[in-house]
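# Analysis of the macromolecular model
Now for the letters of each chain:
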Amino acid sequence: MTQEDPRILKLREMRAKARQGGGENRIAKQHEKGKLTARERLDQLFDPGTFQEMEAFITRRNDPPLNESTETFLGDGVITGYGQVNGRTVFAYAQDFTVMGGALGEMQSHKICRIMDLAAQNGSPIIGMIDSGGARIQEGVRSLGGYARIFKRNSLYSGVVPQISLILGPCAGGAAYSPALTDLIIMVEKQSYMFLTGPEVIKSVTGEMVDFENLGGAAVHLTTSGTAHLVARDEGDALTLCRNALSYLPNNNVENPPVIAPADDPLRMDKDLNQIIPQDTSMPYNMHEIIQRVVDRSSLLELQSAFAQNAIIGFARMNGSTVGIVAQEPSVIAGVIDIDAADKICRFVRLCDCFNIPLVTFVDSPGFLPGVNQEHRGIIRHGAKVLYAYANATVPKVSIVTRKAYGGAYVVMSSKYLGTDMTYAWPSAEIAVMGPEGAANILYRKQIEDAEDKEAERKKLTEQFRAQFLNPYAAAQAGYIDEVIEPCETRAKLIAALSALREKQVSTPNRKHGNIPV
Ligand code: HXC
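These remarks concern the structure in this document. (Residues numbered from 1 in each chain as written. Predicted model: local features only at pLDDT ≥ 70, side-chain atom pairs only at ≥ 80, totals over all residues. Heavy atoms only, no water.)

## Considerations on the site of the ligand
What counts here: Nearness is defined per residue: one heavy atom within 4 Å of the molecule or strand is enough. Throughout this description, a polar contact denotes any pair of N or O atoms lying within 3.5 Å of each other; where both atoms belong to protein, one of them has to be capable of donating a hydrogen while the other can accept it, and for residues adjacent in sequence the pair is counted only when both atoms sit in side chains. In these tables, accessible area is a Shrake-Rupley quantity obtained with a 1.4 Å probe, and a residue counts as shielded only by the protein chains included in the view. Only runs of H or I of at least four residues qualify as helices and only runs of E of at least two qualify as strands under DSSP, and these elements are numbered from the N terminus. Gly is placed with the polar residues, together with every amino acid not listed as nonpolar (Ala, Val, Leu, Ile, Met, Phe, Trp, Tyr, Cys and Pro) or charged (Asp, Glu, Lys and Arg).
Within the structure, the ligand sits among 20 residues, and Arg26, Gly101, Gly133, Ala135 and Gly174 are positioned closest to it. Between the ligand and Gly133 there is a distance of 2.7 Å, counted from a nitrogen atom to a backbone nitrogen or oxygen. With respect to the ligand, the backbone of Ala135 contributes an N or O atom lying 2.9 Å from a nitrogen atom. In isolation the ligand has 1,000 Å² of accessible area, and contact with the protein removes 57% of it. Every element with two or more residues in the shell around the ligand is listed here: helix H5 (140–156) and strand S5 (163–172). For the shell around the ligand, the per-class residue count stands at eleven nonpolar, six polar and three charged.

## Here we look at the packing of aromatic side chains
Our working rule: Aromatic pairs are defined between Phe, Tyr and Trp rings, using the six-membered ring for Trp, whenever the two ring centres lie within 6.5 Å; interplanar angles under 30 degrees are classed as stacked, those over 60 as edge-to-face, and all others as tilted. Relative accessibility under 20% of the residue-type maximum defines a buried residue, over 50% an exposed one, and the middle range a partly exposed one, all with a 1.4 Å probe and only protein chains included. Placement of a positive charge over a ring is assigned whenever Lys NZ or Arg CZ falls within 6 Å of the ring centre and within 35 degrees of the normal to the ring plane.
One pass over the structure, following the stated rule, counts eleven aromatic pairs. Here Phe315 and Phe348 contribute two aromatic rings whose centre-to-centre distance is 5.5 Å and whose plane-to-plane angle is 50°, an arrangement assigned as tilted. Taken together, the residues span a long stretch of sequence, with Phe315 in strand S10 (residues 311–318) and Phe348 in helix H12 (residues 339–354) at a distance of 33 residues. Under the relative-accessibility criterion, Phe348 is labelled buried at 3%. These aromatic residues form a ring-pair network of at least three members: Tyr147, Phe151 and Tyr177. Sitting over the ring of Tyr248, Arg317 keeps its end group 4.0 Å from the ring centre.

## Structural notes on the pattern of salt bridges
Formally: Just to be clear on terms, a salt bridge is a Lys or Arg side-chain nitrogen sitting within 4 Å of an Asp or Glu carboxyl oxygen.
Tallied over the entire structure, the rule returns 30 salt bridges. Note that Glu139 and Arg136 form a salt bridge whose closest N and O atoms lie 2.7 Å from each other. Put simply, Asp296 and Arg491 hold a salt bridge, and the shortest N to O gap is 3.0 Å. Of this pair, Asp296 sits in the loop between helix H11 (287–294) and strand S9 (301–303) while Arg491 sits in helix H20 (residues 490–500), and the two are 195 residues apart along the sequence. Residues joined in a network through salt bridges with shared partners are Asp264, Arg268, Asp296, Arg297 and Arg491.

## What about the layout of surface pockets?
Formally: A cavity here means a set of 1 Å grid points, computed over protein atoms only, where a 1.4 Å probe fits but cannot escape. A pocket is an open set with protein on both sides within 12 Å along at least 5 of 7 lines, and lining residues have an atom within 4 Å of a point. Grid points are joined across faces, edges and corners, and a volume is the space filled by probe spheres set on the points.
The volume enclosed by the second largest pocket comes to roughly 390 Å³. Together, 17 residues line the second largest pocket, and Arg19, Arg39, Phe51, Glu53 and Ile79 are the ones closest to its centre. Listed by contribution, the elements that provide at least two residues to the lining of the second largest pocket are helix H1 (6–19) and helix H3 (38–45). For the lining of the second largest pocket, the element with the highest residue contribution is H1, accounting for four residues. Partitioning the lining of the second largest pocket into residue classes produces nine nonpolar, two polar and six charged.

These figures come from the coordinates and say nothing about function on their own.
If you want it as structure tokens, here you go:
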């Protein structure tokens, strides 16, 4: 038997060492916490056997300001590489918590930046798996600079290739800003948490007592801060969600999203839709149900589902092609637009526009949320950014007014002269400057004041205004709505419109970039 070449044995030994990360004990500790290791995560993300690792032997620099006693690990706490997800090339990095808690140092940042550069140059998505204690304390300014290099790339490649962040453990300090710059953030229930300053620092500065979960757990970021787009039950679920989210997105900004073989009849007429809007216009209904009935069956992937629930955003498919859905939910505070809803809608519209995803907007909103609190917190600039996002979006845009489109809500929500290509209204649509009660009070104030029975007069004039103006026909006659359609026709009409708009080209004035109100 011939002896193995010792140089090959050395390589095998190095590879085995790199695979050990922070060592058996720390791997066991990671498993005890119910967490996968970085390598196990990558294996689950990529199609079997396709992941190719890069720079596995990199180690930290061995000179000041590093502490001589600090251990050195092959790979420096992050695994980087590329492979196939559903047959498409994707670049990814996964921080290895078993090496100094996944904390980011100079060489780790070098590895992450290299993957990001390759992804952008080759027009492929970037997936980041975060499990990190933030800036590596021993490396001082080099770790801070490392974050700056990553943030620069997150920003420059925003709108160039899709960037998705999976938060699979701690995401502390500097670690939190990189995901915040990416397109989608996926967290795991009771396992991941994101914060800039931890409970200890908060206690010493403000005196507030809070634990990790209540400070920055998945539930907080899904419901309160709006930072998380999707929350998974466990890591396996998070990786499946990531693969699913990728299936709606193109590889880059010059390609179109993948089209899948449609499994649903494009001409399907859903007669139940004709009954869905209550006769009593003050009664709520469920907009989610309308969306589910119109898009390809089971294709809706709702994002930020528990944040600003008066607005709905998400990806879906129409006849197999990706669309971005924006809507109001009239069963949550009547579907008014408040600051959080404006934030949610604006960023999603821009995400779709970056990646050539047509926008379908369902409108039912009585307007912006009135109140001193909203005005003082800047509803003007927040509302303005929804206008800015729709007006600047050059992807195909289609809208459907299902019921109320009063005042600012009509204008802001993909109205015709913001550049919406096809505008539809259901017979139940009420397109007006304001609701009938408010309008009657202003228009007929004197007549109401002079009446013997003021309330009866107010009611009569309100109903008169409603009959005259609160329908879709005034808007259709004035050319502000392209077509009034039966609800059951919506799916077929949208598919026809999106097909006609597929090759849409628009030119916009030359500029460096606009100045979005934020
Ligand atoms: C170096 C770190 C580290 C860090 C953790 N470790 N965080 N090493 N730099 N930032 C190491 C620990 O020493 C330990 O090493 C291993 O990682 C695991 O840490 P544990 O504390 O044992 O784990 P756990 O109990 O699970 O707690 C994890 C943790 C905690 C919550 C992340 O370690 C922690 O609070 N770390 C600091 C978080 C933080 O405040 N980061 C902000 C940094 S400042 P051994 O050898 O025992 O395995 C920052 C600013 C950047 O990021 C700003 C840019 C804009």
